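Listed below, chain by chain, are the residues.
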Amino acid sequence: MDRFILLILASILAGFALLKVPLEGTFLAGLEQIINLIGILAIVIFSLFLIFKGLMALLGK
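Residues numbered from 1 in each chain as written. Predicted model: local features only at pLDDT ≥ 70, side-chain atom pairs only at ≥ 80, totals over all residues. Heavy atoms only, no water.

**Brief notes about the overall build of the chain**
Thought 1: Secondary structure assignment for the chain yields two helices and zero strands.
Thought 2: Computed over the C-alpha atoms, the radius of gyration of the chain is 15 Å, more than 25% above the 10 Å expected from 2.2 N^0.38 for a compact globule of 61 residues.
Thought 3: In terms of overall dimensions, the chain has C-alpha extents of about 50 × 20 × 10 Å along its principal axes.
Thought 4: By the burial criterion, 15% of the 61 residues in the chain qualify as buried. (Helix = DSSP H or I, 4+ residues; strand = E, 2+ residues; numbered from the N terminus. Rg over C-alpha atoms; globule rule 2.2 N^0.38 Å. Buried < 20%, exposed > 50% of the residue type's maximum accessible area, 1.4 Å probe, protein only.)

Spelled out as structure tokens, the structure:
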């Protein structure tokens, strides 16, 4: 189970990395808004899942 939680944490960090990556001057500059959206969704979804798993662990289920 520890590896699964670490994978979720790595996914959250990857979402933050997508938000911080500079795209100006590259061929991906036109996709900057989409990449930012994917980063935000990754952070929110995996954070909510991590909170859910933490609550389930506290409640003993």
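**Description of the packing of helix 1 (residues 2–20) against helix 2 (residues 32–59)**
Thought 1: Following both chains from N to C, one finds helix 1 and helix 2 inclined at 155°, their axes separated by 8 Å at the closest point. With respect to each other, helix 1 and helix 2 are oriented roughly antiparallel. Read as a crossing pair, helix 1 and helix 2 show a hand that is left-handed. Residues F4, I5, I8, L9, S11, I12, G15, F16, L18 and L19 of helix 1 pack against I35, N36, I38, G39, I40, A42, I43, F46, S47, F49 and L50 of helix 2.
Thought 2: A breakdown of the residues in the contact of helix 1 with helix 2 according to their chemical character gives 16 nonpolar, five polar and no charged. (Axes fitted to C-alpha atoms, helices over the stretch in contact; angles between N-to-C directions. Parallel < 35°, antiparallel > 145°, perpendicular 65-115°, else oblique. Left-handed = near helix turned anticlockwise from the far one by under 90°. Contact = heavy atoms within 4.5 Å. Nonpolar A, V, L, I, M, F, W, Y, C, P; charged D, E, K, R; others polar.)

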